Structure formats: structure tokens, C-alpha cells
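# Architecture and fold: a report
Spelled out, the chains give:
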Amino acid sequence: MGNELSKKQIGERIANLRLSKSFSQEDLAKSITISRPSLAQIELGNRSVSLSEMQRLSVVLGFSLDDFMTKDFLANQSLKLPDETNEELVEERISVPTLNINKFKNVLLYILEHCAGKPNVGETVLYKLLYFSDFNYYELYEEHLTGAKYKKLPYGPVPQKLDAIINQMIDANQLQRIKTEFKGYPQKRYLPLEKADLTLLKASEKDVIDKVIEQMSDWSATAISDYSHKDLPWEVTEEGKDISYNLAFYRELPYSVRVYDEEENN
């Protein structure tokens, strides 16, 4: 089987079939009893498919194994891939982030408690600390931390509705906005006026945020922006579009924070 098609070709065919049948990665992975990251690796062509997995795929997706390996399989299947709008809807069904405003505010306060005193932590660094906290947590636990949506902008990922949330927090005397300079450049910074409510943060959430702070909070705005530009979710997203959380499963080192089983990477 494997001599006729490359892993990439097999992955592309499975992805096309999945989309045509309106399966999310999560639902298909459960149906064939593998993890969603494993299926993501298969669709990317980074992982081979065992014969037993292929048999389960053929049952769930409704194709013949013999036909699957033929050159004209996709044409014979008359697959009609979703248009751009429908494909975005399929992605959204996989992972629909719903902003938890109270959680977002507390994550923001928690980060600022630990970083607001650092002269490099202006808006740019703060945005990236939030982004990596959210996406790292999703990659690890397949759950949303804050549920914030991030848009791809030229200087890196930016959480949407952040200005409105910050203005609310300033009005509620939870934050103070200050304008200053750092290394000759104007800088906008935020100081926490109250502590985060740690009862709203699970130990796993706090651990992920702590690791992001430890790794990146001393970086300059330029350094952390450059680093974010090489993170696959930002890199493959069209400018001005929302960054799909599902892309976190396609990361490679040093960005990937999840230790995948050896079987998932073969």
C-alpha cells in the first residue's frame, strides 16, 4: 500500500474525504480511535497510517481500500471540496473559541502581576504573552484558556476586542494605562491595580501561563514579534484573518509544547 502513494498524498486524500463528509478532525479521530493530533499529523503527511487504521477510515469515510490507492481515486469519487466560506465553517466546527471575558481579564491581570514591572513589557509583548498562553494551552489540553480570537496582523497575532476589555478594566479601576518610552521608542504599558482571582485559574492553566512568562517575558518587542511570525498558526494564516486554534496541532519544535507519543510521529 505504502509503495504507491506517499504519506503526503495519503494525508491529502484523507483530509479531502473528511472535509467532503463534513467530519471535524476531532469526530473522525474518535471514530477511528486515534488522537486528534495523530490525525492532524496524518493529514499533513508527517505520520504513516497502519493497515488497521486505514481499514477503519475506509468504513467511516465510505471508500474502498483498493480504489483509494489508485491514481484517479479523487476524480472517481467526484469529490467537491468546500468553497472558502464552507471550509472556514468546517474549521470553526473543529474549534469554536468563545471569549470568556472574566477569564481573559484574570489571565491579563495574572500576566501583568508578574511582568508589569519589566520595562520591555509594553502592548506588543503583552499581546504575544496572551497569544502563546492561549495557543499553548489549546495544543496541550484541546480546550480553550480564554477563548479569545486572535487576528494575524503585520506585527504578530493580536487578540480581538482587547481595547474594549482594557477600557472596561480601566473604568473599573482594575488597570492603569501609562505612556512612556523604551529604548527611544514610545510605549504603551498597563499596570494592574488589583490581583487576579486565582480561584478562576486551574492549576494546568496557571502552569502554562507561568511557562510562557518564564520563557518570553524578558524578550524585546522585536524579538517576541519575530518569534511569533515563525509560529505555524500565524505563518499560514492570511493577513487580517482569524488564526485557527486547530493549527496549533501542526506546530513543530521549538513551538510545539505537547510531547506526542512516538507512535503518533511515525
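Note: the structure precedes this text.
First things first, this report covers the structure right here in the doc. (Residues numbered from 1 in each chain as written. Predicted model: local features only at pLDDT ≥ 70, side-chain atom pairs only at ≥ 80, totals over all residues. Heavy atoms only, no water.)

### Considerations on the pattern of salt bridges
Counting across every chain of the model gives 14 salt bridges. The closest approach of N and O atoms between D218 and K118, which form a salt bridge, is 3.0 Å. In this pair, D218 sits in the loop between helix 11 (203–216) and helix 12 (221–229) while K118 sits in the loop between helix 8 (101–115) and helix 9 (123–141), placing the two residues 100 residues apart along the sequence. K118 gets classed as partly exposed once you look at its relative accessible area, which sits at 21%. For E142, the salt bridge identified is with R258, shortest N-O distance 3.0 Å. Remark: R258 occurs in the segment after helix 13 (232–235) and E142 occurs in the loop between helix 9 and strand 1 (150–153); sequence separation between them is 116 residues. Judged by its relative accessible area of 28%, E142 is partly exposed. (Salt bridge = Lys/Arg side-chain N within 4 Å of Asp/Glu carboxyl O. Helix = DSSP H or I, 4+ residues; strand = E, 2+ residues; numbered from the N terminus. Buried < 20%, exposed > 50% of the residue type's maximum accessible area, 1.4 Å probe, protein only.)

### Let's talk about the pairing of strand 3 (residues 175–182)
Inspection of the sheet shows strand 3 paired to strand 4 (residues 185–192) by 8 bridges, in the antiparallel sense. Across the sheet, K179 pairs through a bridge with K188, a residue of strand 4. Connecting the antiparallel pair strand 3 and strand 4 is a turn made up of 2 residues, with K183 showing a positive phi of about 55 degrees. (Pairing = 2+ DSSP bridges.)

### Describing the packing of helix 9 against helix 12
Helix 12 packs onto helix 9 with a crossing angle of 35 degrees between their chain directions and a minimal axis gap of 9 Å. With respect to the hand of their crossing, helix 9 and helix 12 are arranged in left-handed fashion. Mapping the contact onto sequence places T124, V125, K128, L129 and F132 in helix 9 and A221, I224, S225, Y227 and S228 in helix 12. (Axes fitted to C-alpha atoms, helices over the stretch in contact; angles between N-to-C directions. Left-handed = near helix turned anticlockwise from the far one by under 90°. Contact = heavy atoms within 4.5 Å.)

### What to know about the environment of K21
Position of K21 among the secondary structure elements: in the loop between helix 1 (7–20) and helix 2 (25–31). Note: C-alpha distance between K21 and G62 (41 residues apart in sequence) is 9.4 Å.

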